[in-house]
Structure formats: structure tokens, C-alpha cells
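Structural overview
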Amino acid sequence: MNCKEIEELAPLYLSGEMEEDRKVLFHTHLAECRSCAQQMERLSAMDARLRKALCAGLPEAGALERSVSRQIAQKRAEWWQLIAAVAAVLLIIAVLNYGIFRPGPGARLFMEVTRDHRQEVIEHQPRRWRSGPSEIEELAARYQLRDVAALAPAGYRLEHAKMCGLDGQPALHLVYTNGVQEVSLFVRSRTGGNRGISATSAGDVRLASFQNDRIQLIAAGGASGDCLRFVRFAASVL
Amino acid sequence: MPEAPRLLRFARRLTGEMHAADDLVQETLLRAWRNFRQFQEGSSARAWCYRIMLNTFYGQGRKVRAMPATVPLEDRILVGATSPGIENVEISQALDALPAEHRTVLLLGVVEGFTCREVSEILSVPIGTVMSRLSRARQSLREKLSQSEKVIP
């Protein structure tokens, strides 16, 4: 190592970053060159003097740290408030969308009837069907109905009955058959809306309903026109 | 925030004003918190904080401080955290008289104790540049000190 290299590498030596093998060569030169040795002593002493002058003590930063911690906590809180506000807006949009696009009452009944049928037949969730006439009459009494077997038009007989949920409301599900077709008649408390008979359809599924002051009857299934025929007949009996 | 006192000491040297130094440290720590994801694991967190501070300070369009000679001695001691004593004030004045580039490498490499590699990361310059700046800065400081020693009887 020569004097020029010593001068160039001095910063690494003074900062303590010099690798060991290089340091050996560095020290060897200093031992042989009085001028470089003196220069390194001077620089080292000046560094120490600078540190002594400027590192007398660390300033008190407690208040500053507390202030920064407070600001961070505040910014975190603002962040959560922002998230909450965005969530609230999304919720309002979802509610408004539901209000605008939610299915109408007829479509909701279709969905409920289809879901109930799917659960029982496809997902094998057996329902507690009653087929004894006295048991069925007991269920019908909840709706102040008697002789529900007589609600069906000629050719149909009452097969069995059960309680189910329809559009969030309990309903009596009566099943009639003519040996080939089955028709479901749902009985539930009146939900409002127009009295009398109405019919609706979605694709090849048809629903017909009749409503008086007290109850609503909904017929589903059977051959074309059977639903309407069913509710008309039931309405005349009631 | 174990680095806050050291950062404050450095900021006071950098700005030359107590309140400006407080503001600079606050801004530095908040930026460090906000940009923590950018911190590369394995590198020095302390060096990263100093880098943020220097970027913040120079990014604010501030001119590099040259502490006016009219600042009373007590204020200098307070602002620069200089130990009392004529020798200490002398070297502090000599440091202040250096160009900013030299003063910064001396403050980082000697006073704050960063290695040349860390200073190169803080200033985003090659390590060779840091080494030559440090050599020139030490040489200039030595010249300033020898001038003032000649003046003092």
C-alpha cells in the first residue's frame, strides 16, 4: 500500500469498515511511514473533537414522541372512520338495489315453493307429512278451515298435508292428486293486497291464488289450467 | 421511537432552528410510519429515517443552512447541542463554515456514526463519492481549524 492509497482508504479505516486483511496492510504502511501515521492521528483526533463538541448530550424528545404517537393514533382513527363510511355507503346502495330489484310477491312465492320442493325431493330433507284425515283437519283448524278434502274439484282427492314456511310466513301445504297430476294448495293468513282470484306464471310454472278477508289460498302444479280451476272451486266452497 | 432524540439533534443542526427541527422530526417520523412498507428488511432502519429526514428537508425547497455568525453563543449551544467551552464552539463554527455537502457527510459519518456504506445509502450516492467527500471535508475542516487557531492568540 502506498501513501495515496492510505489517503483514499482513510474514511473506511476511520469508520471501522475496513476488512481485516486490508487493515493489516494499512497498519504495515503506517508503521513504516511517519507522515501517514501522523496524518491519521490528526484526523482521528479531529473526529474525536467533533464528536465531543456535538454529541454532548441528546436533546429531550419525549414531548415530540408523544405528539407523533397522538397524530398516528388520530390518523388510524380517521382511516377506520373512512372504512366505516365506505361500508355504510355500500350498505345503503345494497339496500336501495334490493328495494328496486327485489322480486315481486308472485315471484317470491315461486321461489319459496320451488325451494321447499327442492329441499324435500332433491336434498332429501323429509317433511313431516300427515295423511290421516283427523291429523290434517287439526292443522286446517289453525286457519279455521273444516273439511279441506272438499276444497278440491271433482276428480282430485286429498293425499297428505304438512306445515311449511312460505315467504317468511307459516303456511299449510295440502297436496291433492287425481292419480296422474298433483296440485299443491297452500293456505296462509292474509298478507294484504287485493281480494278475489288472481293468476300468475313464470315459464311453465303457474300459480293461482284466492284471497278473502282472512286467508289466502295459493294453488301450484297440476296440468295447464288446474291451478285456476282449483282456486275457483275452493273459493266457491269457502 | 428510540431514534427520536438523535434525529432531533441532527435536525437542529440541519435547520438551525428549534421549532423547525421539531417540525422536521415529526414529519420524518410520520412519513416513516406511512411508508413503512417501502422499508427494505435487512437494511438499517436508522439510516432509512435519516434519509427520509434529508429528503423531507431538501424536498421542502429549503436552502442549505449557513448559520449566521450573529446568532448568540447561547443559542448556538442550544440549537446545535454544542457542549460549552471555547474549543467546542470553535469546531462547531468551523463545521458551520463548510459547504453543505461536506458538513452533511461529516455530521452523518463522524457525529452520527454511520459507516461510509450507510452514508452512501442515506445520500443515494456511490460509496466512492462518500469516501472522497469525507476526505475533502476532513481536510477543509482541518484548514478552518488551523486558521482560527492562528487568529486566537
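Calculation criteria
- Residues numbered from 1 in each chain as written.
- Chains lettered and ligands numbered in written order.
- Predicted model: local features only at pLDDT ≥ 70, side-chain atom pairs only at ≥ 80, totals over all residues.
- Heavy atoms only, no water.
- Helix = DSSP H or I, 4+ residues; strand = E, 2+ residues; numbered from the N terminus.
- Contact = heavy atoms within 4.5 Å.
- Areas by Shrake-Rupley, 256 points an atom, 1.4 Å probe, with all protein chains shown as cover.
- Core = buried A, V, L, I, M, F, W, Y, C linked by side-chain atoms within 4.5 Å.
- Buried < 20%, exposed > 50% of the residue type's maximum accessible area, 1.4 Å probe, protein only.
- Salt bridge = Lys/Arg side-chain N within 4 Å of Asp/Glu carboxyl O.
- Polar contact = N/O pair within 3.5 Å; in protein donor to acceptor, adjacent residues only side chain to side chain.
- Nonpolar A, V, L, I, M, F, W, Y, C, P; charged D, E, K, R; others polar.
- Phe/Tyr/Trp six-rings, centres within 6.5 Å; stacked < 30°, edge-to-face > 60°.
- Arc of directions from axis to C-beta.
- Axes fitted to C-alpha atoms, helices over the stretch in contact; angles between N-to-C directions.
- Left-handed = near helix turned anticlockwise from the far one by under 90°.
- pLDDT = per-residue confidence, 0-100.
- Pairing = 2+ DSSP bridges.
- Patch = residues over 30% accessible without salt bridge, like charges linked within 9 Å, V, L, I, M, F, W, Y side chains within 5 Å.

1. Concerning the overall build of chain B
Broken down by element type, chain B carries 8 helices and 0 strands. When its helices and strands are written in sequence order, chain B yields α-α-α-α-α-α-α-α. A fraction of 63% describes how many contacts in chain B between residues 6 or more apart in sequence connect residues 24 or more apart. Only carbon and sulfur atoms are counted for the fraction: they give 54% of the accessible area of chain B, which is about 7,600 Å².

2. Overview of the nonpolar core
Counting 58 residues, the largest nonpolar core has Leu50(A), Leu106(B) and Leu141(B) as the members making the most contacts within it. The element that contributes the greatest number of residues to this core is helix H3 (residues 34-54) of chain A, accounting for 8 residues. Filtering out sequence-adjacent residues up to four positions away, Leu106(B) remains in contact with Leu50(A), Leu95(B), Leu98(B), Val111(B), Leu134(B), Ala137(B), Arg138(B) and Leu141(B).

3. A closer look at the interface of chain A and chain B
Every contact between the two is made by 35 residues of chain A and, on the other side, 42 residues of chain B. Linking chain A to chain B there are 2 salt bridges. Note that Arg138(B) and Asp47(A) form a salt bridge whose closest N and O atoms lie 2.7 Å from each other. Counting across the interface, chain A meets chain B through 7 residue pairs in polar contact (both at pLDDT 80 or more). Of all the secondary-structure elements, those providing two or more residues to the side of chain A that touches chain B are helix H1 (3-14), H3 and helix H4 (62-101) of chain A. Of the residues forming the side of chain A that touches chain B, the biggest block, 11 residues, is contributed by H3(A). Its residues placed into classes, the side of chain A that touches chain B shows 17 nonpolar, 6 polar and 12 charged.

4. Observations regarding the environment of Ser134(A)
Along the chain, Ser134(A) turns up in helix H6 (residues 133-140). Overall, the relative accessible area of 58% leaves Ser134(A) in the exposed class.

5. Overview of the packing of aromatic side chains
All names here are of chain A. Evaluated as defined, the whole model comprises 6 aromatic pairs over all chains. Considering the side-chain rings of Tyr176 and Phe230, the 5.2 Å spacing of their centres and the 55 degrees angle between planes classify their relative orientation as tilted. With Tyr176 in strand E2 (residues 169-177) and Phe230 in helix H7 (residues 226-237), the pair connects residues that are 54 residues apart, well separated along the chain. With respect to class, Tyr176 is no different from Phe230; both count as buried. Three or more aromatic residues link up through ring pairs in this structure, and these residues are Tyr156, Tyr176 and Phe230.

6. Regarding the pattern of salt bridges
If you walk through the whole model with that rule in mind, you get 13 salt bridges over all chains. Between Arg22(A) and Glu19(A) there is a salt bridge, with its nearest N and O atoms 3.9 Å apart. On the basis of relative accessibility, which here comes to 33%, the residue Arg22(A) falls in the partly exposed class. With a shortest N-O distance of 3.6 Å, Arg34(B) and Glu27(B) are connected by a salt bridge. Assessed through its relative accessible area of 45%, Arg34(B) is described here as partly exposed.

7. Some points on helix H7 (residues 116-123) of chain B
Those residues of H7(B) lying buried are Cys116(B), Val119(B), Ser120(B) and Ile122(B). Projected down its long axis, H7(B) shows its buried positions confined to an angular sector of 160 degrees, all on one face.

8. Digging into the side chain of Ser67(A)
As for its position among the elements, Ser67(A) is in helix H4. In this structure the side chain of Ser67(A) is engaged in a polar contact, spanning 3.3 Å, whose partner is the side chain of Gln26(B).

9. Brief notes about the packing of helix H3 (residues 45-59) of chain B against H7(B)
Residue and element names in this part refer to chain B. One way to put it is that H3 packs onto H7 with a least axis distance of 8 Å and a crossing angle of 35 degrees. Viewed along their axes, H3 and H7 form a crossing whose handedness is right-handed. On H7, the residues touching Ala47, Tyr50, Arg51 and Leu54 of H3 are Glu118, Glu121, Ile122 and Leu123. Partitioning the contact of H3 with H7 into residue classes produces 5 nonpolar, no polar and 3 charged.

10. A closer look at the confidence of the model for chain B
Residues and elements named next belong to chain B. Residues at a pLDDT of 70 or more form 77% of chain B, whose mean pLDDT is 79. Of all helices and strands in chain B, the one with the weakest mean pLDDT is helix H4 (residues 73-80) (47), whereas H7 scores best (93). Segment residues 63-78: pLDDT under 50, and 27 contacts once partners within four positions in sequence are set aside and those in other chains are kept. Interface predicted TM-score (ipTM) for the complex: 0.79; the corresponding pTM is 0.55.

11. Points about the pairing of strand E6 (residues 215-221) of chain A
Residues and elements named next belong to chain A. Counting buried positions along E6 yields 6 of 7 residues, so the element is predominantly enclosed. Summarising the sheet, strand E3 (residues 182-189) and E6 pair through 7 bridges and their orientation is antiparallel. Paired with Ser189 across the bridge in E6 is Ile215.

12. A closer look at a nonpolar patch on the surface
Taken together, the side chains of Trp79(A), Trp80(A), Leu82(A), Ile83(A), Val86(A), Val89(A), Leu90(A) and Ile93(A) make up a nonpolar region of the molecular surface, amounting to roughly 820 Å² of accessible area. The partly exposed category is assigned to Ile93(A), whose relative accessible area is 43%.

13. Focus: the pairing of E3(A)
All names here are of chain A. Most of E3 sits inside the fold, with 6 of its 8 residues counted as buried. Taken together, the 6 bridges between E2 and E3 define a ladder with antiparallel strand orientation. Bridge pairing links Leu172 to Val187 in E3. Between the end of E2 and the start of E3, which pair antiparallel, lie 4 residues, with Gly179 showing a positive phi angle near 95 degrees.

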